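Spelled out from the first residue to the last, the chains are:
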Amino acid sequence: MVLSSLPSLETASPAHICPFDQACSYLEAAAKELHLNQGVIEILSHPRKAITVSIPVKLDNGEVQVLVGHRVQHSDILGPYKGGTRYHPSVTLREVSALAMLMTWKCALLGIPYGGGKGGIAIDPTHYSVGELERITRRYTSELIKDIGPEVDIPAPDVGTSAREMAWMMDTYSMNVGHAVPGVVTGKPLSIGGSRGREMATGRGVMIIVREALATQGKSVKGAQVVIQGFGNVGGAAALLLQEAGAKILAVSDAHGGIFSPAGLDIPALKAYYAQNRRSLAGFPGSLPVTNAQLLALPCDVLIPAALENQITEENCDRVQAEMVVEAANGPVTLAADLALEARGVTILPDILANAGGVVVSYLEWVQGLSYLFWDEERVNREMEQLMVNAYQKVVQQSKQRQITLRLAAYTIGVGRVAQALTDRGLYP
Ligand SMILES: NC(=O)c1ccc[n+]([C@@H]2O[C@H](COP(=O)([O-])OP(=O)(O)OC[C@H]3O[C@@H](n4cnc5c(N)ncnc54)[C@H](O)[C@@H]3O)[C@@H](O)[C@H]2O)c1
Ligand SMILES: N[C@@H](CCC(=O)O)C(=O)O
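This structure is a prediction, so every number in the text was calculated from the model and none was measured.

Draft legend 1. Examining the overall build of the protein more closely. When you go through the protein residue by residue, the secondary structure sums to 14 helices and 12 strands. For 429 residues, the compact-globule estimate of 2.2 N^0.38 gives 22 Å, and the C-alpha radius of gyration of the protein, at 20 Å, lies within 12% of that figure. Taken along the three principal axes of its C-alpha coordinates, the protein extends 55 × 55 × 45 Å. The long-range share in the protein, meaning contacts at least 24 apart out of those at least 6 apart in sequence, stands at 68%. If you sum the accessible surface of the protein, you get close to 17800 Å²; carbon and sulfur atoms cover 54% of it.

Draft legend 2. Looking closely at unusual backbone geometry. Here the amide bond leading from Y428 into P429 is cis, since omega sits at 5°, within 30 degrees of zero. As for its position among the elements, P429 is in the segment after α14 (406–425). A positive phi angle, near 50°, is found at R279, a position not held by glycine.

Draft legend 3. Molecular detail of the site of ligand 1. The environment of ligand 1 is made up of 22 residues, and the closest members are D158, G160, N233, V234 and N330. One of the backbone N or O atoms of A255 is found 2.9 Å from an oxygen atom in ligand 1. Contact with the protein chains covers 86% of the free accessible surface of ligand 1, which is 840 Å². Sorting the residues of the shell around ligand 1 by element identifies α6 (198–216) and α7 (233–244) as the ones contributing at least two each. A class-by-class count of the residues in the shell around ligand 1 yields nine nonpolar, nine polar and four charged.

Draft legend 4. Highlighting the pairing of strand β6 (residues 225–229). Of all five residues in β6, four are buried; the element is thus mostly enclosed. The pairing of β6 with strand β7 (residues 248–254) spans five bridges and is classified as parallel. Looking across to β7, one finds that Q225 is bridged to K248.

Draft legend 5. Local environment of the sheet that holds strand β9 (residues 288–290). Taking strand neighbours across the sheet as the criterion, the seven strands line up as β9-β8-β7-β6-β10-β11-β12 in an open arrangement whose pairing is mixed. Each edge of the open sheet is held by one strand with a lone partner, namely β9 and β12 (347–349). Across this sheet, the average inter-strand angle for adjacent strands is 20°, counted without regard to direction.

Draft legend 6. Representation of the pattern of salt bridges. Here the structure, examined in full by the defined rule, presents 22 salt bridges. The salt bridge involving R94 is made with D21; its shortest N-O contact spans 3.1 Å. Of this pair, R94 sits in helix α3 (residues 93–110) while D21 sits in helix α1 (residues 19–34), and the two are 73 residues apart along the sequence. With a closest N to O distance of 2.9 Å, E143 and R139 form a salt bridge. With E143 and R139 both in helix α4 (residues 130–143), this residue pair falls four residues apart, about one helical turn. Judged by its relative accessible area of 31%, E143 is partly exposed. By relative accessible area, which is 35% here, R139 ends up partly exposed. Connected through shared salt-bridge partners, R86, E95, K118, D158 and E309 make up one network.

Draft legend 7. Representation of the site of ligand 2. In the vicinity of ligand 2, 14 residues are found, and the nearest of them are K82, K106, K118, D158 and S362. Contact distances for ligand 2 include 2.9 Å between an oxygen atom and a side-chain N or O atom of K118. Within the backbone of P157, one N or O atom sits 3.0 Å away from a nitrogen atom of ligand 2. Bound to the protein, ligand 2 loses 95% of the 300 Å² it would expose on its own. Along the lines of polarity and charge, the residues of the shell around ligand 2 split into four nonpolar, five polar and five charged.

Draft legend 8. Helix α2 (residues 38–45), seen in detail. All buried positions along α2 are accounted for by V40, I41, L44 and S45. Considered in projection along α2, the buried side chains sweep an arc of 130° and stay on one side of the axis. As for α2, its buried residues are in contact with α1, β2 (64–75), α3 and α14. By the N-cap criterion, in which a side-chain oxygen at the helix start approaches the backbone nitrogen of a residue two or three places on, α2 is capped by N37, the distance to G39 being 2.8 Å.

Draft legend 9. Expanded view of the environment of A282. One can find A282 in the loop between α8 (267–276) and β9. Here the alpha-carbon distance between A282 and A340, two residues 58 residues apart in the chain, equals 33 Å.

Draft legend 10. Representation of the packing of helix α13 (residues 377–402) against α14. It is the contact of α13 with α14, at a shortest axis distance of 8 Å, that shows an interaxial angle of 110°. Considering their axes alone, α13 and α14 lie roughly perpendicular with respect to each other. Contacts from K394, V395, V396, Q398 and S399 of α13 reach α14 at L406, A409, A410, T412, I413 and R417. By residue class, the composition of the contact of α13 with α14 is six nonpolar, three polar and two charged.

What counts as what
- Residues numbered from 1 in each chain as written.
- Chains lettered and ligands numbered in written order.
- Predicted model: local features only at pLDDT ≥ 70, side-chain atom pairs only at ≥ 80, totals over all residues.
- Heavy atoms only, no water.
- Helix = DSSP H or I, 4+ residues; strand = E, 2+ residues; numbered from the N terminus.
- Rg over C-alpha atoms; globule rule 2.2 N^0.38 Å.
- Contact = heavy atoms within 4.5 Å.
- Areas by Shrake-Rupley, 256 points an atom, 1.4 Å probe, with all protein chains shown as cover.
- Near = heavy atom within 4 Å.
- Polar contact = N/O pair within 3.5 Å; in protein donor to acceptor, adjacent residues only side chain to side chain.
- Nonpolar A, V, L, I, M, F, W, Y, C, P; charged D, E, K, R; others polar.
- Buried < 20%, exposed > 50% of the residue type's maximum accessible area, 1.4 Å probe, protein only.
- Pairing = 2+ DSSP bridges.
- Axes fitted to C-alpha atoms, helices over the stretch in contact; angles between N-to-C directions.
- Salt bridge = Lys/Arg side-chain N within 4 Å of Asp/Glu carboxyl O.
- Arc of directions from axis to C-beta.
- Parallel < 35°, antiparallel > 145°, perpendicular 65-115°, else oblique.

Here's what the structure looks like:
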């Protein structure tokens, strides 16, 4: 299926801003800066493959529901397609296509031998039982059997999925091919070949980028005032690790709203409270309630959107008071808001750099699996930190040399590497 043939309904996103158009705009800006030829831009603007599948599932009450799932394979020029699997009601083919393209640039920027892909199912996973989610995941995986594999396309967790879904995907794939294939997914449980450090990896990468970016400005993470939108895998881990590094976490939120404490939230205590309080932040002792809109406008040193795309837009960016925005989520700042914030001197650490810790440790998991080795967590964290710091330094250097924003610098490195490989490989046939 080609993107231009998608029904117009597919362009709807929560804020009515098409994530795929935005991703293409960033590609065009990088291509312009790099003087890439039009043929290369055309190729990179289109996903190589976009697969849409129907997922019939028998619900616990006996009814049958047919869900829609996608897997978009943007580019495999540098290696197998790589990227997460999202379960969220707002999933559309265009959203998944945008996220797949971001994965291509992210992997290229970090220098790991992968292309970019992404998958998703348009569901709210909280509305399904564990048994239903398992049947949905297994059917989705079996529909993609010919399109995924450890040397072809390697899914991982994203919003609404975790190690549990990766285990079901790995098992379904393995049963279909007739032998165990741990390398078909990353972010697996340790018991079936997952890597130590993967669960916290994206948050750890975010912490490293915050620390490095503050240091570049002559500041310290110790005492830095941080606000985080999203308290899931990424936001929760970033909150914990930033607090351990000495930052004060002023506020956090999830889809239902947030909490704020001028004295700083005790994150380990909050995590325990959240788990016991049926995953609700409300009423955490010593905190005040805030809406997500209020949270994004809190004065702070570092604002970390770690939920979904299009959270900081043209409409609300004037209210952002943070000096630095670190994109832990993919695409949380729209193009218009990005330009307005940059014009005001707000430093923005782009998603393809800031949240790359997850895919880096996915890569380390895959490498350990392929070589039948298991590293301790210290080694995994050390290898990841090296790749993250190296990428950060390259982005800063590129930004200074070319006098461009950190986002454009990151894109020129990522896009530039893919374009170079495409040129060297040539066009088939
Ligand atoms: N999981 C990974 O390894 C990984 C790696 C890199 C980037 N990311 C990106 O990070 C972001 C978060 O992913 P995750 O894995 O933490 O997902 P998750 O499902 O674990 O958590 C998402 C969090 O966002 C909250 N949320 C949802 N809608 C919200 C809203 N409108 N306002 C405020 N909060 C809202 C949810 O309640 C939840 O706390 C996504 O953009 C994802 O693509 C994830
Ligand atoms: N979903 C994550 C992780 C991808 C992976 O580990 O393959 C991302 O957006 O980077």
